[in-house]
Amino acid sequence: QKILSKEKTELVIRTSENDSQNEKSALRFFIEIGCEGVINFPSSDESLISFYKSYPLPMVFVGRIIDEKLVSIITDNYGMGSHIAKFLHNRGYSSFLFVGLQQFADPANERLNGFISYLHSENLSFSTENIHRLNLTNNTYVTQFMNCLRSLIKTGNTVGIFCLNDLLAYKALKIVERIGFSVPEQVGIVGYDNLPISALSKISITSVSYDYKELAREAYSILSGIVKTRKLIRPPKTIPNHLVIRNSTK
């Protein structure tokens, strides 16, 4: 808003609630009201790609590379995934788990890929059995996750858990507390996105933060360039992240 106010440009915000039909509706709404361009934080629904390609307004995607022909600004998810694995390893955790969402496609998950890459480079054990999916609104797969934790702790391991986002990290924290394991001594938890819940929970959660100001500046700079010239005037940029260390890790 600060950037746009200086440019005398109006900002219109819509949310899709991570639903593809809502996203299509929101994007059509922008056409109807005469928007000049769109900055999109896209969902993970691959079926939307053809819709994006045919969309008539200039659009810059933030957070994901949708297609080589579409303009994206990304953060270093792969590098941060690797950094988190190294961080947990250096803090003394001996076994490692990844917690994602049921609907998230693992092969496209750069955070997970970077996490696995470091563990394998250090000859640390990690397989598909170490990948768990949870649902944020119900207890699907919770029992499987709990049994895995119990098995690892029983054999004398300390467990480092990397979660796809802070909401999953908060849910994982509650599950760990429910079954009586200590955080961060027996189990360490790292989230992603540095949402307010990560700092406000009883045991604050180590998380990954973005440079939001730089993301906003870069997104608007690229979009305004496309609006003015109708072509990409410079390649997109990778914005670095940083780890905010809190009480959920040793």
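By convention here, each chain's residues receive numbers from 1 onward along its written sequence. Side-chain atom pairs in this predicted model are given and counted only at pLDDT of 80 or more, local residue features only at pLDDT of at least 70, and totals for whole chains, interfaces and linings cover all residues. Excluded from the side-chain calculations are hydrogens and water; all other atoms, namely the structure's heavy atoms, are used.

1. Digging into the overall build of the chain
Keep this limit in mind: Secondary structure is summarised from DSSP: a helix means a run of H or I of at least four residues, a strand means a run of E of at least two, and numbering begins at the N terminus for each. Atoms counted for the radius of gyration: C-alpha only. Globule rule: 2.2 Å times residue count to the power 0.38. For every residue, the accessible area (1.4 Å probe, protein chains only) is compared with the maximum for its type, and the residue is labelled buried under 20%, exposed over 50%, or partly exposed between those bounds. For the purpose of counting charges, residues Lys and Arg are taken to be positive, whereas Asp and Glu are taken to be negative. His and the chain ends are not included. Just so you know, the charge point we use is NZ for Lys, CZ for Arg, CG for Asp and CD for Glu.
A tally of regular secondary structure across the chain gives 9 helices and 10 strands. Relative to the 2.2 N^0.38 estimate, which gives 18 Å for 250 residues, the radius of gyration of the chain is 20 Å and therefore close to what a compact globule would have. With respect to the principal axes defined by its C-alpha atoms, the chain has extents near 60 × 35 × 30 Å. Taking all 250 residues of the chain together, 49% fall into the buried category. Here the chain carries 28 positive and 23 negative side-chain charges, and the mean point of each set is 4 Å from the other.

2. Looking at the packing of helix 6 (residues 142-154) against helix 7 (residues 166-178)
Axes are the key here: two packed helices are described by the angle between their axes and the distance separating the axes. Under the convention used in this document: Structural elements are reduced to axes, namely lines fitted to C-alpha atoms, with helices fitted over the stretch in contact, and the angle between N-to-C directions of any two is expressed from 0 to 180 degrees. Angular relationships are summarised with four words: roughly parallel below 35 degrees, roughly antiparallel beyond 145, roughly perpendicular across 65 to 115, and oblique for the angles in between. Handedness of a crossing is defined here by the sense of rotation of the near helix relative to the far one, left-handed for an anticlockwise turn of less than a right angle and right-handed for a clockwise turn. Any two residues whose heavy atoms approach within 4.5 Å at even a single point are treated as in contact. Three classes are used, and their members are as follows: Ala, Val, Leu, Ile, Met, Phe, Trp, Tyr, Cys and Pro are nonpolar, Asp, Glu, Lys and Arg are charged, and the others, Gly among them, are polar.
One way to put it is that helix 6 packs onto helix 7 with a least axis distance of 11 Å and a crossing angle of 60°. In terms of orientation, helix 6 lies oblique with respect to helix 7. The crossing of helix 6 and helix 7 is right-handed. Residues Val 142, Phe 145, Met 146 and Leu 149 of helix 6 form the contact with helix 7, whose own contacting residues are Lys 171, Ala 172, Ile 175, Val 176 and Arg 178. Residues belonging to the contact of helix 6 with helix 7 are distributed by class as follows: 7 nonpolar, no polar and 2 charged.

3. A look at the sheet that holds strand 1 (residues 38-40)
Heads up, the rule is: Two strands pair if DSSP finds at least two bridges between them.
The sheet built from 4 strands is open, its strands ordered 1-2-3-9 with parallel pairing. Looking at the sheet topology across the chains shown, the edges are occupied by strand 1 and strand 9 (238-239). As paired elements, strand 2 (residues 59-62) and strand 3 (residues 71-75) share 3 bridges and run parallel to each other. The residue of strand 3 that forms the bridge with Val 62 is Ile 73.

4. Let's talk about the pattern of salt bridges
Note the cut-off: A pair is scored as a salt bridge if a Lys or Arg side-chain nitrogen falls within 4 Å of a carboxyl oxygen belonging to Asp or Glu.
Across all of its chains, the model carries 4 salt bridges by this definition. For Lys 174, the salt bridge identified is with Glu 177, shortest N-O distance 3.3 Å. Of the two residues, Lys 174 and Glu 177 both sit in helix 7, 3 residues apart, roughly one turn of that helix. Since its relative accessible area comes to 31%, Lys 174 is described here as partly exposed. Residue classification places Glu 177 among the partly exposed residues on the basis of a relative accessible area of 31%.

5. Focus: the pairing of strand 4 (residues 95-101)
Most of strand 4 sits inside the fold, with 7 of its 7 residues counted as buried. Here strand 4 shows no split at all, with Ser 95, Leu 97, Val 99 and Leu 101 on one side and Phe 96, Phe 98 and Gly 100 on the other all buried. One ladder, built from 5 bridges, connects strand 4 with strand 6 (residues 159-163); its direction is parallel. Following the sheet pairing, Ser 95 is matched in strand 6 by Val 159. Bridge count for strand 4 against strand 5 (residues 131-134) is 4 bridges, and the pairing is parallel. Bridge pairing in strand 5 links Gly 100 to Arg 133.

6. Observations concerning unusual backbone geometry
What you tend to see is this: most non-glycine residues have negative phi, and most peptide bonds are trans. The omega torsion across Val 183 and Pro 184 is 10°, close enough to zero to call that bond cis. The phi dihedral of Asn 123 is positive, around 55°, even though this residue is not glycine. Looking at the secondary structure, you find Asn 123 in the loop between helix 5 (110-121) and strand 5. Look at Asn 194: it is not a glycine, yet its phi comes out positive at around 50°. Assignment of secondary structure puts Asn 194 in the loop between strand 7 (187-190) and helix 8 (196-200). Accessibility expressed as a relative area gives 22% for Asn 194, which makes it partly exposed.

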